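In case you want the letters, here they are:
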Amino acid sequence: MTGARVAQWKAEVAGGLLLAAIGGFFLYFGLRLPPPDEPGVPGPGSAPIALGVIIALCGLAVAIGGLRKADRSSLDLGGRKQAIALISLVLATALFEPAGFMLSTFTFLTAGFILLGGASWQRAVPAAALVSGGLWLTFTKLLGVGLPYGLIGEILFR
Amino acid sequence: MVITWQREALPGRSWEVRLSVARHFRLIAASLVACSISSIALAQSYPARPVSLIVPAPTGGGTDVFARVLAEIVEGDLKQKFVVENRSGAGGTLGTTQIVAAKPDGYTVGFIWNSPLTTSPHSLNVAYTPDSYRAVMSIGFSSYVLCAQPGFPAKDAQEFIAKLKAPDAKYTYGNDGIGGTMQLAAERIFQSAGVKVRGIPFGGAGETAKNFLGGHVDFYGGSLPPILPHAQAGKAKCLLLTSAAKNPALPETDGLSALALDKAETVLWWGLIVPKDVPEPVFETLQKAFITAAGSEKFKAAMAKQGATLRVLDGKATDALIRTELTALGEVAKSLGIQKKTP
Amino acid sequence: MTSANFLLNGLWIAVQPKNLLLCFIGCFWGSIVGVLPGLGPLAGMALLLPLTFSLDPTGAIIMLCGIFYGAMYGGSTTSILMRIPGEAASVVTCIDGYEMAKKGRAGAALSIAALGSFVGGVLSVIGLMLVAPRLADAMLAIGPAAEFTILLAALGVSIFAASGPLLKTIAMIALGLVLAMIGLDPLTATPRFTFGSLNLSDGLSFAAMAIGLFGISEILMSFSQTITERPQAPKLREMLPTKQELKDSAMPTVRGSFIGFFFGIVPGVGHIVSTFASYAVEKALSKHPEEFGKGAVAGVAGPETANNATTGAAMIPLLVLGIPAIPVTAVLLSALTIHGVQPGPLMIAQHPEIFWGLIASMLIGNFMLVVLNLPLVGLFVSMLRLPYGFLAPTILLVCIIGVYSIKASGFDLMVMVAFGILGYALRLMSFDIAPLLLAFVLGDRLEVNFRRALTISEGDYGIFLKGPAAQVAVAMVIAVTIGVLILKLRRWKAAA
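Reference entry: report on the structure contained in this document. (Residues numbered from 1 in each chain as written. Chains lettered and ligands numbered in written order. Predicted model: local features only at pLDDT ≥ 70, side-chain atom pairs only at ≥ 80, totals over all residues. Heavy atoms only, no water.)

**Comments concerning the overall build of chain B**
1) Next: When helices and strands are tallied, chain B shows 12 helices and 12 strands.
2) Next: Within chain B, buried positions represent 58% of all 343 residues.
3) Next: When contacts within chain B are restricted to residue pairs at least 6 apart in sequence, long-range pairs at least 24 apart make up 75% of them. (Helix = DSSP H or I, 4+ residues; strand = E, 2+ residues; numbered from the N terminus. Buried < 20%, exposed > 50% of the residue type's maximum accessible area, 1.4 Å probe, protein only. Contact = heavy atoms within 4.5 Å.)

**Things to note about the packing of helix α4 (residues 57-82) of chain C against helix α13 (residues 327-337) of chain C**
All names here are of chain C.
1) Next: Contact geometry for α4 and α13: axes closest at 9 Å, N-to-C directions at 165°. Considering their axes alone, α4 and α13 lie roughly antiparallel with respect to each other. The crossing of α4 and α13 is right-handed. From α4, Pro-57, Ile-61, Leu-64, Cys-65 and Phe-68 reach across to α13, where they touch Val-328, Leu-332, Ala-335 and Leu-336.
2) Next: Its residues assigned to classes, the contact of α4 with α13 comprises nine nonpolar, no polar and no charged. (Axes fitted to C-alpha atoms, helices over the stretch in contact; angles between N-to-C directions. Parallel < 35°, antiparallel > 145°, perpendicular 65-115°, else oblique. Left-handed = near helix turned anticlockwise from the far one by under 90°. Nonpolar A, V, L, I, M, F, W, Y, C, P; charged D, E, K, R; others polar.)

**Considering the pairing of strand β5 (residues 108-113) of chain B**
All names here are of chain B.
1) Next: Here β5 lies mainly inside the structure; six of its six residues are buried.
2) Next: Burial of β5 is two-sided: the residues Thr-108, Gly-110 and Ile-112 facing one way and the residues Val-109, Phe-111 and Trp-113 facing the other way are all buried.
3) Next: Summarising the sheet, strand β3 (residues 51-55) and β5 pair through three bridges and their orientation is parallel. Among the inter-strand pairings, Ser-52 is bridged to a residue of β5, identified as Thr-108.
4) Next: Sheet topology places β5 next to strand β11 (residues 267-275); four bridges connect them, and they run antiparallel. Across the sheet, the residue bridging to Phe-111 is Leu-272, located in β11. (Pairing = 2+ DSSP bridges.)

**Examining the interface of chain B and chain C**
1) Next: Chain B puts 44 residues into the contact, and the matching count from chain C is 47 residues.
2) Next: Summing the contributions of chain B and of chain C, the shared interface buries around 3,900 Å²; its carbon and sulfur component is 62%.
3) Next: At the level of secondary structure, the elements contributing two or more residues to the side of chain B that touches chain C comprise α3 (62-78), α4 (93-101), β8 (198-201), α8 (205-213), α9 (224-232) and α11 (297-305) of chain B.
4) Next: Among the elements that line the side of chain B that touches chain C, the one with the most residues is α8(B), at six residues. (Buried area = accessible area lost by both parts, 1.4 Å probe.)

**Describing the pattern of salt bridges**
1) Next: The full count for this structure, using the stated rule, is 25 salt bridges over all chains.
2) Next: Between C:Arg452 and B:Glu207 there is a salt bridge, and its shortest N-O distance comes to 3.3 Å. In this pair, C:Arg452 is assigned in helix α18 (residues 434-456) and B:Glu207 in helix α8, connecting two distinct chains. Note on accessibility: C:Arg452 and B:Glu207 belong to one class, buried.
3) Next: When salt bridges with common partners are traced through the structure, they connect B:Glu207, C:Glu147, C:Arg445 and C:Arg452 into a single cluster. (Salt bridge = Lys/Arg side-chain N within 4 Å of Asp/Glu carboxyl O.)

**Overview of the environment of C:Phe440**
Residue and element names in this part refer to chain C.
1) Next: Checked against the element boundaries, Phe-440 lands in helix α18.
2) Next: Separated by 234 residues in the primary sequence, Phe-440 and Phe-206 have C-alpha atoms spaced 8.0 Å apart.
3) Next: Residues contacting Phe-440, with those up to four places away along its chain left out, are Gly-176, Leu-177, Leu-179, Ala-180, Leu-204, Phe-206 and Met-209.

**A word on the side chain of B:Asn211**
1) Next: On the secondary structure map, B:Asn211 appears in helix α8.
2) Next: The exposure class assigned to B:Asn211 is buried, which follows from its relative accessible area of 3%.
3) Next: In this view, B:Asn211 contacts B:Phe202, B:His216, B:Val217, C:Ile142, C:Gly143 and C:Pro144; residues no more than four positions away in its chain are not counted.

**Brief notes about the packing of aromatic side chains**
1) Next: Across all of its chains, the model carries 34 aromatic pairs over all chains by this definition.
2) Next: Between the aromatic rings of B:Phe160 and B:Phe219, the centroid separation amounts to 5.2 Å while the plane-to-plane angle is 85°, which identifies the pairing as edge-to-face. Within this pair, whereas B:Phe160 is found in helix α6 (residues 157-165), its partner B:Phe219 is found in strand β9 (residues 219-223), the two being separated by 59 residues in sequence.
3) Next: B:Phe160 gets classed as buried once you look at its relative accessible area, which sits at 1%.
4) Next: With 5.4 Å between their ring centres and 80° between their planes, C:Tyr279 and C:Phe292 make a pair best called edge-to-face. On the criterion of sequence distance, the pair formed by C:Tyr279 in helix α11 (residues 270-285) and C:Phe292 in the loop between α11 and α12 (298-321) is long-range, its members being 13 residues apart. The two residues C:Tyr279 and C:Phe292 agree in class, both being buried. (Phe/Tyr/Trp six-rings, centres within 6.5 Å; stacked < 30°, edge-to-face > 60°.)

Here's what the structure looks like:
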């Protein structure tokens, strides 16, 4: 399965520039940290500043390397399934605490089984219920981990 | 957005269902609930379900062990589970923030040591003051100690300070980190005695002990347990405690009384706190149960084994202690140039 | 009495039915928490700690040590099957272990990891018995200056162990180091790059980062790949290692034991340093270095052995000095003090039954674990038979729960997802992410010890050459640098 493609050299340039920006970020905020208390002894900002410079230089070198690349191959950035996996993961983690374990994991698993695994409703729903219930019991009862209850958890277990 | 509703499920037992969008909204929701629930009904049934005992320190430390021993005793008394949850981080302020922001129904209580309450607020922007929580009780304290290498030419606190005062004196001592209670305790003494020692911050008393034993710093500064076995084996000469009185675990070591510096005492102590608006009957139940537990033989033994001194105070006395200590350490931090820092 | 007598005495204590049972409970429980991502030995011990209050001190420490050992054995399972490192020590296993699983050799990789762990565990216990006091002295000699230099050497080693181009590897190391600086500065308590958030004041969570970078990014990758590039469940008769695989892992196992044990003296980060060092040594000595990163048996056997051998060495500061070097030994310390036993220089004389009983039970525990783990290989591998469309969402969910269970922090979940996306992007552009994680783990101690050393010396850089430990460390850095250069040159020449 193939998704969006981009030329290899363009990706290298973009990645290098991103890295340079990360280096610049640490350099900028590192310079704003308090100076060393005594001369000759590095302070809280010294290491981040030095590392920020190294990262920025490496990033620029990678970007320049990308520009000079003769290789015409292209890179697969990913397709529909990656997008689905990523979006559902972001939603599940964002809703994990507010909506509670039961609701977020059950919805996440049902969606995952259907959209990623191509399962039917009839199979996905019971499987999702079974897995999330089983994990809930394993982690809270056996391992003593505190998982967020949320609405459904409060009704069922409290 | 917070949706809160409640209904009477069983006579005399109210329960509520809630959907909180963000954790800190819980406080608002909780105060609404607390106003409406009949507190008498609550006290009769409290604790009706397991209680979370938040410990803002990592598993296995002194604070954690005391919390677990206490929890075990209180469980037998109140016939309900007290589940210890370790929420360490940011010098204990992370877990303390969670305790303070918890729903004030008595089902979240916190077992803390004094540092996040009286020391950290001087160097960190914390979201609580002594007015945003209520102290239930405290169990006792343990002093910090300063030790020198076995060959150090001093045999008691007087001679120790005299050596530090010498014009060519140039010593280093290891402490638990800048802005921590240990550093403030030591600096408070050095200031009062008019001496200067170069502080080297380490990640904790264990790391300090290791570097002291290896000869990388001149003095050990930290809690008793890590250095005790080495003092007994003659690998360290402990010269001064940060408490006014002596400690039975180190009978030869002077307290601050020997230097007439009783007022500079700074110790490590432990206690129980709850969110501010916990219903009075619940507060009373907790105070009674934990004070009883702290007085039990089992707990006394646990304290003694860690070299700590039992001194049980009730909520009111603990609250007063917190407020005085907060002010006193604030002055030390200020004179050391420690300020609240923003990134 | 001689050591042999003491050991026999210890064995007699360890084989008491009650102590055997406690050892088994510990090993079993440790294996469970070790297999689950996020949960590690610390979580497992915390849960059973109250139980030990009612045991005698020997029984208590036997059980808790069993958890520690068991979790170290179990940690490699998810690394091999799903490319999820349970903890810092199993990052290296993710590289070649997972590649072996892709080739359908998951069973062999798990068996070799278990056997290597057994050998490493047993040899390190023997080492503990023979040279504990001397190694403790060496540990004390390492001050802030020497520690900085040793960690620098470890970073140099990781450049060689990495698979990507040099420029990109250096960028990843620098990025890992600077990410470690987020949070409160340990020396001045200045918040760095936290932007006022208490969540960031302790820095980024290693587990969230590692699970994101390796586990989440791998699942995202696997959806664009053809089906054959996912881990394959081996046929039943291909479950065990072949003769050739066993032969290939023999020497790495022996070398890994020694590397692991001696890197145990590196304070706090011994596990990850020893695994990387073992990987680099195997890659350097191998006749087929190009196989590393593509499922080399030695790349699993060496580091997994080193990992467990470090566990034995990690006990030394606790037992000989009474100073816990890692959080796990801090729990053991409090379990002992609660019973009135104070570990330290006098413990072996005052409580020989605890010291020797523990040593003996470690030997027995390692044996129990290998017996326990080998049959489980089949069970774990059979998970790969499940359809991937079912497995992938479940793995993602277990990652979420695992990360959440560490600190009950919703923020850590966001960190995990963010690093999942970053890891995916970096891998697309052939950046190697293992050095990033190593640098992240070492970064904190590297910077702090550099500054601490200069604080002690008041800015005099001569402190990095003062004392035998510091001098040996500097010699190590020079040796590593020359070694890396020579090997790179030779490879480069061979390629030309």
